[in-house]
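Understanding the architecture of this molecule
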Amino acid sequence: MKAQAQTKGSEELFKLNGKPSIGVAFPQALQHVLAMLVGNITPPMLIASSLGLTDAQQTMLIQAAMIIGGITTLLQLFPVLGFGMGLPSVMGVAFAYMPILTMIGTQYGIAAIFGSQLVAAFASIFIGMFIGKIRKFFPPIVSGTVVLSIGLSLYETAMNYFGGGSAARADGTFGSPKYWILAVVTLVVTLACSFFGKGYLKVSGMIIGIIVGYVIALFMGDMIDFSDVASASIFALPMPFAFGLEFHPDAILMMILMYIVQAVQTIGDVSSTAMGGFNREATDKELGGAIKGQGICGMIGACIGGLPTDPYSQNVGLICTTKVVAKRVFTIVSIIMLAAGIFPKFSALMATIPQPVLGGATVTVFAAITMSGIQLLCEQPLNYRNKMIVGIALAIGIGIDSVPSILQFCPQLLQNILGSSLVVSFLIVFILNIIVPKDDSQE
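Rules used throughout
- Residues numbered from 1 in each chain as written.
- Predicted model: local features only at pLDDT ≥ 70, side-chain atom pairs only at ≥ 80, totals over all residues.
- Heavy atoms only, no water.
- UniProt positions renumbered as here; feature names shortened; annotations may be inferred.
- Helix = DSSP H or I, 4+ residues; strand = E, 2+ residues; numbered from the N terminus.
- Rg over C-alpha atoms; globule rule 2.2 N^0.38 Å.
- Buried < 20%, exposed > 50% of the residue type's maximum accessible area, 1.4 Å probe, protein only.
- Contact = heavy atoms within 4.5 Å.
- Expected span 1.5 Å × (residues − 1).
- Phe/Tyr/Trp six-rings, centres within 6.5 Å; stacked < 30°, edge-to-face > 60°.
- Lys NZ or Arg CZ within 6 Å of the ring centre and 35° of its normal.
- Salt bridge = Lys/Arg side-chain N within 4 Å of Asp/Glu carboxyl O.
- Patch = residues over 30% accessible without salt bridge, like charges linked within 9 Å, V, L, I, M, F, W, Y side chains within 5 Å.
- Areas by Shrake-Rupley, 256 points an atom, 1.4 Å probe, with all protein chains shown as cover.
- Axes fitted to C-alpha atoms, helices over the stretch in contact; angles between N-to-C directions.
- Parallel < 35°, antiparallel > 145°, perpendicular 65-115°, else oblique.
- Left-handed = near helix turned anticlockwise from the far one by under 90°.
- Nonpolar A, V, L, I, M, F, W, Y, C, P; charged D, E, K, R; others polar.
- Arc of directions from axis to C-beta.

- Looking up the chain in an unreviewed UniProt entry gives the name Purine/pyrimidine permease, with the organism given as Candidatus Scybalocola faecigallinarum.
- The record in UniProt for the chain states the following under Sequence similarities (unreviewed entry): "Belongs to the nucleobase:cation symporter-2 (NCS2) (TC 2.A.40) family."

1. With respect to the overall build of the chain
- Scanning the chain from N- to C-terminus turns up 21 helices and two strands.
- For 443 residues, the compact-globule estimate of 2.2 N^0.38 gives 22 Å, and the C-alpha radius of gyration of the chain, at 21 Å, lies within 12% of that figure.
- By its C-alpha atoms, the chain is 70 × 55 × 45 Å across when sized along the principal axes.
- Across the 443 residues of the chain, 54% fall into the buried class.
- Long-range contacts, defined here as pairs at least 24 residues apart, represent 84% of the contacts in the chain between residues at least 6 apart.

2. Notes on unusual backbone geometry
- Phi is positive for Leu 81, which is not a glycine, with a value near 55°.
- Note that Leu 81 resides in the loop between α3 (55-77) and β1 (91-93).
- Residues other than glycine seldom take positive phi values, yet Asn 279 does so here, at roughly 60°.
- Relative to the assigned elements, Asn 279 resides in the loop between α13 (249-278) and α14 (284-304).
- Accessibility expressed as a relative area gives 64% for Asn 279, which makes it exposed.

3. Overview of α14
- An ideal rise of 1.5 Å per residue puts 30 Å on 21 residues; α14 measures up with 30 Å between its terminal C-alpha atoms.
- Summarising burial for α14: 16 of the 21 residues are buried, a large majority.
- Just past α14, the residue Gly 305 takes up positive phi, approximately 95°.

4. A few points about the packing of aromatic side chains
- This model, assessed by the stated rule, comprises five aromatic pairs.
- Ring centres 5.7 Å apart and planes at 35° place the aromatic pair Phe 114 and Phe 243 in the tilted group. Here Phe 243 lies in the loop between α12 (227-231) and α13 and Phe 114 lies in helix α5 (residues 110-129), a separation of 129 residues in the sequence.
- Of the residues examined, Phe 114 reaches a relative accessible area of 1% and is grouped as buried.
- The ring of Phe 83 carries the charged tip of Lys 292 above its face, separated from the ring centre by 5.7 Å.

5. Here's the deal with the pattern of salt bridges
- For the coordinates displayed, the defined rule picks out two salt bridges.
- Arg 280 is paired through a salt bridge with Glu 286; the nearest N and O atoms lie 2.7 Å apart.
- Its relative accessible area of 29% is what places Arg 280 among the partly exposed residues.
- Exposure remark for Glu 286: the relative accessible area of 11% places this residue in the buried category.

6. A short note on a nonpolar patch on the surface
- Taken together, the side chains of Ile 211, Val 215, Leu 218, Phe 219, Phe 226 and Leu 349 define a hydrophobic patch exposed on the protein surface, amounting to about 580 Å² of accessible area.
- Broken down by element, the nonpolar patch gets its largest block of residues, four residues, from helix α11 (residues 205-219).

7. Structural notes on the packing of α13 against helix α21 (residues 421-435)
- Packing of α13 against α21 leaves a shortest axis separation of 10 Å and a crossing angle of 60°. With respect to α21, the axis of α13 lies oblique. For the crossing formed where α13 meets α21, the hand is left-handed. Every residue of α21 that contacts α13 at Met 254, Leu 257, Met 258, Ile 260 and Val 261 is listed here: Leu 422, Val 423, Phe 426 and Leu 427.
- Looking at the contact of α13 with α21, its residues break down into nine nonpolar, no polar and no charged.

8. A look at the environment of Leu 427
- Relative to the assigned elements, Leu 427 resides in helix α21.
- Each C-alpha atom, one on Leu 427 and one on Lys 345, is 43 Å from the other, the two residues being 82 residues apart in sequence.

9. Here's the deal with helix α19 (residues 384-402)
- In this model α19 runs 26 Å from its N-terminal to its C-terminal C-alpha over 19 residues, within 8% of the 27 Å that 1.5 Å per residue would give.
- When we look at burial in α19, the residues that qualify are Arg 385, Asn 386, Ile 389, Val 390, Ala 393, Leu 394, Gly 397 and Ile 400. Here the buried residues of α19 occupy an arc of 150° about the axis, which is enough to place them on one side. Every exposed residue of α19 that faces more than 90 degrees away from the buried side is listed here: Tyr 384, Ala 395 and Ser 402.

10. Examining the environment of Asn 433
- By the element assignment, Asn 433 lies in helix α21.
- For the pair Asn 433 and Cys 410, spaced 23 residues apart in sequence, the C-alpha separation works out to 26 Å.
- If near-sequence neighbours (up to four positions away) are discounted, Asn 433 is found in contact with Pro 139, Ile 141, Val 142, Arg 385, Ile 389 and Lys 438.

11. Concerning the side chain of Ser 49
- Positionally, Ser 49 belongs in helix α2 (residues 22-51).
- With near-sequence residues (within four places) excluded, Ser 49 lies in contact with Tyr 161, Ser 166 and Gln 355.

Here it is, written out as structure tokens:
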């Protein structure tokens, strides 16, 4: 009888409205949390480092990242007034926004990031409302070019972290052997788990790599400081508008473009979830609800310090692999994320991870983003038309990013907008794909 009950409980995992026991559901939920944890806390840490924020502010950003990830995951599970898709998904702070967020923050400060995010989130809601009509303007050649551009633009961030980050540049130790050791060991362990591990070991490669790198850093003596962990409070809710709001036209425009780009990626993730978890195509209602849910949560995030979110591809992969789709599992995921967000000591402890360790772990994510872009591009024939459109978009976008002085005679507003390889590549591939005659011939 006991074996029959366990089998029945396990079967409930594979039903959307199934009710598996907590004992059966919790390990599945924990697996999803482990898969997304590092990806969720790393972007706020990178932003804090790039903008020279205090350790206390970095802790607040991590705290808000966990909370907004939990809120967005819940909303996607249980839609409200059409906001949310009603399918399982694990949402977290998006790496894809990093180049734009860093540019806006460096130019205007963190208040401008949240101000532009608040306004641009409206764009995401409108995209969700009309997704059925505008979906045709974002074929794989457009979305693939954008995703590829995102991946390529993040490599500089990874290498800066390999070398020790901004603090190491300031004290002249950037690129020292101890930083290389930490980064390479973390990368090797992460790849070893991913390539040769099975089950939990395989999906938890990044967090295992970080743990190994962290332990080595502890024995190096001066790499980790626990003073902020000791001083952090045990329980605290995020303070609304703690970072302020500033509104700059060019920052808002760049963020709107980023929300459009992210909507395209969300379409891909939701489609993969529907096909992998339910063996069917995603409906326009589900796609629109997912994008609108991201938009409304982006607005909430701007108010509490949570950066923009998106569905995590590694968790989509877990859903497709395990076929576990029960809402109860993902409700537990949300609860764990929210609980982690309201305990600042957890966020302060995460903030002590050395930058070379983060660099060694995140380079695998950046590589995966790049290859996802290439994979998307290959969904359409790479004939002369498509190859030239993609090549020109990347050549000009990355070229301007490498030689920013070429824009020195442009108005400052235009310099800010066109200074991002991501924005330039997106605009070029989007326009060329519309005006150049269609050609579906093979390579």
